[in-house]
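Spelled out from the first residue to the last, the chains are:
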Amino acid sequence: MSDHEISAHDAAADEVSAIVEGVRQFVRREIAPRVARLEEADGFPQDVVDAMAGLGLFGMVIPESHGGLDLPLADYVAIMEELAAGWSAMPSFLNSHCTVARLIALYGTEAQKARYLPQLADGSRRGAIVLTEPSAGSDLKQIRTQAVPQPDGSYVLNGQKTFITNGLRAGLHIVLARAPAADGKGPISLFIVEPETPGFEVTRVIDKMGFKHVDTAELRFDDVRLGADALLGGETGKGLPQVLSMLETGRLAMAGTALGMAREALSIALQYAKDREAFGQPIAGHQAVQIHLANMATQLAAARALLGEALRHKARYGRADMFASMAKLFATETTMQITQDAMRVLGGYGYVAEFPIERLYREAPIYVLTEGTNEIQRIVIAREMIKADGPERLGLV
Ligand SMILES: Cc1cc2nc3c(=O)[nH]c(=O)nc-3n(C[C@H](O)[C@H](O)[C@H](O)COP(=O)(O)OP(=O)(O)OC[C@H]3O[C@@H](n4cnc5c(N)ncnc54)[C@H](O)[C@@H]3O)c2cc1C
């Protein structure tokens, strides 16, 4: 999927497209009945990932000419929501992968596209996006990983990265690195790194609060020799603009993912409120519980409306940075709130691991912290507001 191919029809479509409906049915039939078992199981859920590959989901954003589905943006976002509503781990297997695929599809040389896109599309190589370092997260200009150019045009890569989703199991890494310069700056570029390359090492898998099935890893590059053809697009100094151009779509996808989790939490809470009795009636009859349910539903509807607005802006104007940040900010904060409210509705059962709310509550915060923290989203929104001539130009009137 490329940005210019997104039509107004795609974003405005109220009907669920066939592919989104297919994913919804797959999740209902194959995933929902076994979520508890999937969560309890140790090890990597290879069968789920294989099933996702069978549906073509690893090729969602890859052109058909390279074996992908090339879905409209609205479908991509809707699929993330369906997967997240079914089992929140599922979109996590896809988020970074799709960013890697989009980077290569948009900026790769023809040789890079021909070599990697078919393998990414069928899921035989899953992608990891490798930006963050121990001392550089939001401020990526401070990265220290170095790609030293050699006289023959090749590079030698050295450095350390952290928090890398799919870092352990990915078959393809896109790594942000700088060429060293006397002033400590030097051009920042993206490099395609195959994990089989000597000197590539996964130094640690990081334990974390949620998403236990999705690995988050520390990586080290120790004199990793890369051919000249590893430089994404063959041009140096483009790394940060290339990464930044991914964020808008990534934020819309993350908003959809968060909404899927919020939707699931709300439907669990609603059903529980109807089933659970206290003081002689279902707790849904108590106004205090009704207020929780009403707040949750209203917030969910508002987050969905804002995401729809962001998709419409994207379709109409090509870029929607402010609305994408708004949609990500509001949907992810809403999901934090809704999972917490759902926990209150379930009482003690909201806190125990055998009920899914405990998991959704633990997993919701990651979306506040990634794809740009929500503090950074506010900065983007404010910057766009200040830059624009007036509210009309922002589409706020
Ligand atoms: C589970 C998980 C998976 C991840 N997956 C990946 C991945 O696949 N690839 C990858 O490269 N990275 C990944 N990350 C890293 C993630 O993108 C970073 O954690 C995030 O960008 C924030 O960076 P930081 O943690 O260094 O925090 P910092 O940048 O140090 O920020 C700390 C705090 O300061 C605030 N802050 C920083 N700058 C400003 C500012 N200018 N104005 C206002 N507030 C500011 C932040 O909002 C935050 O509250 C992952 C992280 C986690 C936890």
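Residues numbered from 1 in each chain as written. Predicted model: local features only at pLDDT ≥ 70, side-chain atom pairs only at ≥ 80, totals over all residues. Heavy atoms only, no water.

Student: How do you make sense of the overall build of the protein chain when you look at a structure like this?
Tutor: For the protein chain, the count of helices and strands is 14 helices and 9 strands. A compact globule built from 397 residues would reach a C-alpha radius of gyration of about 21 Å, and the protein chain, at 22 Å, matches this within 12%. In terms of its C-alpha atoms, the protein chain occupies a principal-axis envelope of roughly 80 × 55 × 40 Å. Within the span of the protein chain, comprising 397 residues, buried residues form 51% of the whole. A separation threshold of at least 6 residues defines the contact pool for the protein chain, and within that pool the share at least 24 residues apart is 72%. (Helix = DSSP H or I, 4+ residues; strand = E, 2+ residues; numbered from the N terminus. Rg over C-alpha atoms; globule rule 2.2 N^0.38 Å. Buried < 20%, exposed > 50% of the residue type's maximum accessible area, 1.4 Å probe, protein only. Contact = heavy atoms within 4.5 Å.)

Student: Sorry if this is basic, but what is going on with helix 2 (residues 18-31) here?
Tutor: Residues spaced three or four apart along an α-helix point in a common direction, a consequence of the helix completing one turn every 3.6 residues. For helix 2, with 14 residues, the first-to-last C-alpha span of 19 Å sits near the 20 Å given by 1.5 Å per residue. Taken together, the buried positions of helix 2 are occupied by V20, V23, F26, V27 and I31. For helix 2, the angular spread of the buried residues around the axis is 120°, confining them to a single face. Looking at helix 2, the residues exposed on the side facing more than 90 degrees away from the buried face are A18, R28 and R29. Residues of helix 2 that are buried in the fold lie against helix 3 (35-40), helix 4 (46-54), helix 5 (73-86) and helix 6 (89-107). (Expected span 1.5 Å × (residues − 1). Arc of directions from axis to C-beta.)

Student: I tried to follow the packing of aromatic side chains on my own but got confused; where do I start?
Tutor: Aromatic ring pairs are described here by two measures, namely the spacing of the ring centres and the angle between the planes. Throughout the structure, instances matching the rule amount to 6 aromatic pairs. Between F44 and F93, the ring centres sit 5.5 Å apart and the planes meet at 75°, which makes this aromatic pair edge-to-face. On the criterion of sequence distance, the pair formed by F44 in the loop between helix 3 and helix 4 and F93 in helix 6 is long-range, its members being 49 residues apart. (Phe/Tyr/Trp six-rings, centres within 6.5 Å; stacked < 30°, edge-to-face > 60°.)

Student: Please clarify how the domain arrangement of the protein chain should be interpreted in this entry.
Tutor: It is common to give the size of an interface as the accessible area lost on bringing the parts into contact. Taken domain by domain, the protein chain consists of domain 1 (3-125), domain 2 (128-237) and domain 3 (240-394). Between the C-alpha centres of domain 2 and domain 3 the distance comes to 31 Å. Of the roughly 990 Å² buried between domain 2 and domain 3 on both sides combined, carbon and sulfur atoms contribute 70%. The interface formed by domain 2 and domain 3 includes 0 salt bridges. Our count for the contact surface shared by domain 2 and domain 3 stands at 2 residue pairs in polar contact (both at pLDDT 80 or more). (Domains from an automatic or database assignment. Buried area = accessible area lost by both parts, 1.4 Å probe. Salt bridge = Lys/Arg side-chain N within 4 Å of Asp/Glu carboxyl O. Polar contact = N/O pair within 3.5 Å; in protein donor to acceptor, adjacent residues only side chain to side chain.)

Student: What is the right way to read the site of the ligand from this model?
Tutor: Residues in contact with the ligand amount to 16 residues; listed here are only the nearest, I129, T132, S138, F163 and T373. Contact between the ligand and F163: a nitrogen atom at 2.8 Å from a main-chain N or O atom of the residue. Here the ligand loses 61% of its free accessible area of 970 Å² to cover by the protein chains. Breaking the shell around the ligand down by element, the ones donating at least two residues are strand 3 (155-165), helix 12 (366-369) and helix 13 (374-387). Within the shell around the ligand, the residues separate by chemical class into 8 nonpolar, 6 polar and 2 charged. Taken domain by domain, the makeup of the shell around the ligand includes at least three residues from each of domain 2 (128-237) and domain 3 (240-394). (Near = heavy atom within 4 Å. Areas by Shrake-Rupley, 256 points an atom, 1.4 Å probe, with all protein chains shown as cover. Nonpolar A, V, L, I, M, F, W, Y, C, P; charged D, E, K, R; others polar.)

Student: It is not clear to me how the packing of helix 2 against helix 5 should be interpreted in this structure. Could you clarify?
Tutor: Between two packed helices, both the angle of their axes relative to each other and the distance between the axes serve to describe the pair. Relative to each other, helix 2 and helix 5 sit at 10°, their axes nearing to 9 Å. With respect to each other, helix 2 and helix 5 are oriented roughly parallel. Across from I19, V20, V23, R24, V27 and I31 in helix 2, the residues of helix 5 making contact are D75, A78, I79, E82, L83 and G86. Here the residues of the contact of helix 2 with helix 5 sort into 8 nonpolar, 1 polar and 3 charged. (Axes fitted to C-alpha atoms, helices over the stretch in contact; angles between N-to-C directions. Parallel < 35°, antiparallel > 145°, perpendicular 65-115°, else oblique.)

Student: I'm lost on the side chain of E81 in this one. Help?
Tutor: For E81, the position within the fold is in helix 5. A polar atom in the side chain of E81 sits 2.9 Å from the side chain of R304. In this view, E81 contacts G256, T257, L259, G260, R263 and R304; residues no more than four positions away in its chain are not counted.

Student: Which parts of the structure should I look at to understand the nonpolar core?
Tutor: Generally speaking, soluble globular proteins have nonpolar side chains that are buried together. Counting 100 residues, the largest nonpolar core has M60 and I104 as the members making the most contacts within it. Excluding anything up to four places from it in sequence, I104 contacts Q112, K113, Y116, L117, L120, L172, I174, I192 and L232. Listed in part, the 19 residues of the second largest apolar core include V175, A217, L219 and L231. (Core = buried A, V, L, I, M, F, W, Y, C linked by side-chain atoms within 4.5 Å.)

Student: Would you take a moment to explain the pattern of salt bridges for this structure?
Tutor: If charged atoms from side chains of opposite charge come close, those side chains can pair. Applying the stated criterion across every chain, the model contains 26 salt bridges. As a salt-bridge pair, R263 and E81 come within 2.8 Å of each other at their nearest N and O atoms. Taken together, the positions of R263 in helix 8 (residues 239-275) and E81 in helix 5 put the pair 182 residues apart, joining distant regions of the chain. Classification of R263 by relative accessible area gives partly exposed; the value is 25%. Its salt-bridge partner being R359, residue E363 comes within 3.8 Å of it at the nearest N-O pair. Of the two residues, E363 and R359 both sit in helix 11 (residues 356-363), 4 residues apart, roughly one turn of that helix. By the burial criterion, E363 is buried, and R359 matches it.

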